[in-house]
Amino acid sequence: MNPIPIPAHYNDRRRQFIDRLTRRVVMACGLAILLVMLLLFVWLIWVVVPLFSSPTLGSVSRIALDQDQPAVAMGMDAQQQWGWRIDAQGRAEFLSLMNQSKVPALRLAQGRVAVATDNDSVLLKSAAGLTLVQPDFSEAEPRWKFPLGDQPLGGNPDAKVIALAQTAENRWLVAEASATQITLYRFQPLQATASFSVSVPDVSQLMISPDGRLLYGLAKNSLRVWRITDGGLTLRESHTLLQQPERLAQLSGGSTLLMADHDSITQWFDIASATGPHLNAIRAFHHASNQPLLLSEAHRRVFATLNPAGEFKLFASKQEGVVLRSQLDPGVLNAAFAPRGDGLLVERQGSWQHYHLSNPWPDISWRNLWQKVWYEHYPQADYVWQSTSANDDYQGKFSLVPMVVGTLKAAGLAMLFATPLALAAAMYTAWFMAPALRRWVKPAIEMMGALPSVVIGLIAGLWLAPQLADRLAGVLLWPLALAAALLLCSHVSQRLPEKWRRRLCGEGREIWILLPVLLLVTLGCLWLLPMLEHRVLGVSLADSLCGGYQQRNLLIASVAMGFALVPLIFTLAEDAIFSVPPSLGQGSLALGATQWQTLTRVVLPGASAGIFAALMIGFGRAIGETMIVLMATGNTPVTEGGLLQGVRTLSANVAIEMPEAAAGSGHYRVLFLSALVLLVFTLVVNTLAELVRQRLRQRFSQQEMQG
């Protein structure tokens, strides 16, 4: 302790006030930074949490019915203001779901009923023929319209099974099955009806895909699939099932077929093969079985089962179990989803009950984000990122695994490229280089860190990528050639006489010998070898790889990002090595150790905490890098692929897709989840790095005190 007291004129009130003010300002700024980080973290969580909230079902209102005939078809408009129903006697009416008002009922033909998948067209089959009717909500008061006219159209009077699909605007397909054949009709306003027939006995169920390309027919335990063409029906495939399904249903788009029996409900869809697409059983839903009511949404791959006792179960095609289980009042006769899947209309004897259903993102779950999912038309389950900015009706594929893998691959390879260069340069500059030369070299390397990452990415994407494609073999051989040249120079220097070695390599002069050697090796790898390759083989390595090589790939991004990391790691590591007390190195040299032994056994352990911090800061920079990987890679969200294929990172994915994501959509929230994952990963890495750095510093301090 210094025994000399501080002069009194240094302890005036003004100085004390400035000290207190400065201390409080610094403390306030530090707390503000922590508060901003905390608010950012809370905001990200607030945006992401609704993705994983459970669906809810709540009653909105009850509507009394003035007649007791059960509905054979029912539904509601997209705004859930009006509901419609057609009963078994052919009575069609609209009822307000808001104020109990009604529109005068319309008497239609009595007979069998078929409803299109979108629940927007109803086909009535009577003894007089076929009648197509649609609910129209375009006016203030809803009405019924007849797009094919109000007069019945021809059909097979012996048909017992019918199916309907609206394949385009003002175009419908109708399939009828009698005891011996199936007949397909194509209806268009003001055009003649086209029909095709195929002999198939005992058909119990028919379904037409909404796009009008496929016809499904179930006869006992045999499922047949026909391809619908302009010339008629062509049998595509036939399946003999172990158990006869009790019901067939389709999900949105007709890509998924549901088969329900008293034991389970299974999902089937087409998978491409050498002979074309074929229907395959994909999965069985847990705790699902056929019930009197099997409902499916019009625009999403969501369905539900409902029995008369009121047991309601909601399922999503990409989740194996029940999404929502609810016990409704008993006595259920019929039910229908709202067009957007955000409502449910249930009919009981003499009344309707309207429910609000909250299930905005049925295809997004924690499992789907991190595990393999089998999507329609894919040959197997896989990690897939395929988003859309339109709306949540489209089944977006939001697996974060490709971006996480791409982030780790890009950051790891960039560190693999930058770490040897940066640490070797730091060790040489801080320990071996002459002080006069160090005063020029260190600022020059640090100036490289001032280059904007977008400039580095632009150079990598527009100049480096084509150059590397022409010199791929030389680039891959270049690191090995440089290492061999350095080892050879070291071996030769050891063989030189002491007088020559001291004259050539003393006081840092060896760099003037190494630089020309390394330049010659670089010239041979990047210019001479590609020239010989083209003249001898006539083709470069990149051309021989054909489809396995992408010009913007992981190698380009790693080299460019490694170049951006070198100045950062070099500066911090060089400062850490140079800050080791000179007395330690001088003591080691005085005891007879060589320069290299002193560096590796004394100086580097002393600087290990700072070097480790430099590497972790560089790794954090590589994890969060956006522009370089955005411009230098193919932005391909895949988990497979090697050094010469494209990748996509979390940060680049957010930068690419956030401007096009609809605010509040599932896509929008998944992108925020990507940012949250990136933030948490960075915090975890930095926390672990700080713990390791503190332990290294403590260990070195103890060794220094013992010495």
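Please refer to the structure placed before this passage.
First, a word on scope: everything that follows refers to the structure included in this document. What you are looking at is a predicted structure, and each value in this text was computed from that prediction instead of being measured. (Residues numbered from 1 in each chain as written. Predicted model: local features only at pLDDT ≥ 70, side-chain atom pairs only at ≥ 80, totals over all residues. Heavy atoms only, no water.)

Let's talk about the packing of helix 11 (residues 582-590) against helix 12 (residues 595-606)
Piece 1. Orientation of helix 11 relative to helix 12, taken along the N-to-C sense of each, is 135°, at an axis distance of 9 Å. One way to sum up the angle between helix 11 and helix 12 is to call them oblique. Judged by the sense of rotation from one axis to the other, the crossing of helix 11 with helix 12 is right-handed. On the side of helix 11, the interface is formed by Leu-584, Gly-585, Ser-588 and Leu-589, while helix 12 contributes Gln-595, Thr-598 and Val-602.
Piece 2. In terms of residue class, the contact of helix 11 with helix 12 is made up of three nonpolar, four polar and no charged. (Axes fitted to C-alpha atoms, helices over the stretch in contact; angles between N-to-C directions. Helix = DSSP H or I, 4+ residues; strand = E, 2+ residues; numbered from the N terminus. Parallel < 35°, antiparallel > 145°, perpendicular 65-115°, else oblique. Left-handed = near helix turned anticlockwise from the far one by under 90°. Contact = heavy atoms within 4.5 Å. Nonpolar A, V, L, I, M, F, W, Y, C, P; charged D, E, K, R; others polar.)

Some points on helix 4 (residues 435-448)
Piece 1. The terminal C-alpha atoms of helix 4 lie 21 Å apart, and with 14 residues this matches the ideal 20 Å at 1.5 Å per residue to within 8%.
Piece 2. All of the buried residues along helix 4 are Arg-438, Lys-442 and Ile-445. Burial along helix 4 is one-sided: seen end-on, the buried residues are contained in an arc of 70°. Those residues of helix 4 that are exposed and angled more than 90 degrees off the buried face are Arg-439, Trp-440 and Met-447. (Expected span 1.5 Å × (residues − 1). Buried < 20%, exposed > 50% of the residue type's maximum accessible area, 1.4 Å probe, protein only. Arc of directions from axis to C-beta.)

Considering the pairing of strand 8 (residues 129-136)
Piece 1. Most of strand 8 sits out of view: eight of its eight residues are buried.
Piece 2. Relative to strand 8, strand 7 (residues 122-126) runs antiparallel, the two being bridged by five bridges. In the strand pairing of strand 8, Ser-126 is matched with Gly-129.
Piece 3. In this structure, the hairpin formed by strand 7 and strand 8 is closed by a connection of two residues.
Piece 4. In this structure, strand 8 lies alongside strand 9 (residues 143-145), joined through three bridges in antiparallel fashion. In the sheet register, Asp-136 faces strand 9, and the bridge partner there is Arg-143.
Piece 5. Hairpin connection, strand 8 to strand 9: the antiparallel pair is bridged by six residues. (Pairing = 2+ DSSP bridges.)

Focus: the packing of aromatic side chains
Piece 1. Taken as a whole and assessed by the stated rule, the structure comprises 14 aromatic pairs.
Piece 2. Measuring from centroid to centroid gives 6.1 Å for Phe-285 and Phe-315, while their planes differ by 65°, and the two rings are edge-to-face. Taken together, the residues Phe-285 in the loop between strand 21 (278-284) and strand 22 (293-296) and Phe-315 in strand 24 (residues 311-316) connect sequence positions 30 residues apart.
Piece 3. You can call Phe-315 buried: its relative accessible area is 0%. (Phe/Tyr/Trp six-rings, centres within 6.5 Å; stacked < 30°, edge-to-face > 60°.)

Some points on the side chain of Ser-121
Piece 1. Along the chain, Ser-121 turns up in the loop between strand 6 (112-115) and strand 7.
Piece 2. A residue is classified by how much of its surface remains accessible, and Ser-121, at 0% relative accessible area, is buried.
Piece 3. Separated by 3.2 Å, the side chains of Ser-121 and Gln-166 make a polar contact.
Piece 4. When sequence neighbours within four positions are dropped, the list of residues in contact with Ser-121 reads Ala-114, Val-115, Ala-116, Leu-132, Val-133, Gln-134, Leu-164, Gln-166 and Trp-172. (Polar contact = N/O pair within 3.5 Å; in protein donor to acceptor, adjacent residues only side chain to side chain.)

Remarks on the sheet that holds strand 21
Piece 1. In space, the four strands of this open sheet follow the order 18-19-20-21, with antiparallel pairing throughout. Looking along the sheet, the strands with just one partner apiece sit at the ends: strand 18 (247-250) and strand 21. Each strand of the sheet is rotated relative to its neighbour by a mean of 30°, with strand direction disregarded.
Piece 2. Bridging between strand 19 (residues 256-260) and strand 20 (residues 265-271) involves five bridges; their strand directions are antiparallel. The partner of Leu-258 across the bridge, within strand 20, is Gln-267.

Concerning the sheet that holds strand 6
Strand pairing in a sheet is mediated by backbone hydrogen bonds. Such pairs are either parallel or antiparallel.
Piece 1. Read across the sheet, four strands follow the order 6-7-8-9 without closing on themselves; strand pairing throughout is antiparallel. Both edges of this open sheet fall to strand 6 and strand 9, since each of them pairs with a single strand only. Neighbour to neighbour, the strand axes of the sheet diverge by 30° on average, direction disregarded.

A word on the pattern of salt bridges
Piece 1. Going through the model one piece at a time under the given rule, you end up with 22 salt bridges.
Piece 2. Linking Arg-300 and Glu-297 is a salt bridge whose minimum nitrogen-to-oxygen distance equals 2.8 Å.
Piece 3. Judged by relative accessible area, Glu-297 falls into the buried class, the value being 1%.
Piece 4. One salt-bridge network, held together by shared partners, links Asp-66, Arg-85, Arg-91, Glu-93, Lys-102 and Glu-347. (Salt bridge = Lys/Arg side-chain N within 4 Å of Asp/Glu carboxyl O.)

What about the environment of His-299?
Piece 1. Relative to the elements of secondary structure, His-299 occurs in the loop between strand 22 and strand 23 (302-306).
Piece 2. Residue classification places His-299 among the partly exposed residues on the basis of a relative accessible area of 37%.
Piece 3. Taking the C-alpha atoms as reference points, His-299 and Val-133, 166 residues apart in sequence, are found 21 Å from one another.

Quick word on the pairing of strand 10 (residues 161-168)
Piece 1. Bridge count between strand 10 and strand 11 (residues 171-177): seven bridges; the pairing is antiparallel. Bridge pairing in strand 11 links Gln-166 to Trp-172.
Piece 2. Turn length for the strand 10-strand 11 hairpin, with the two strands adjacent in sequence and antiparallel, is two residues, and the turn residue Asn-170 shows positive phi of about 60°.

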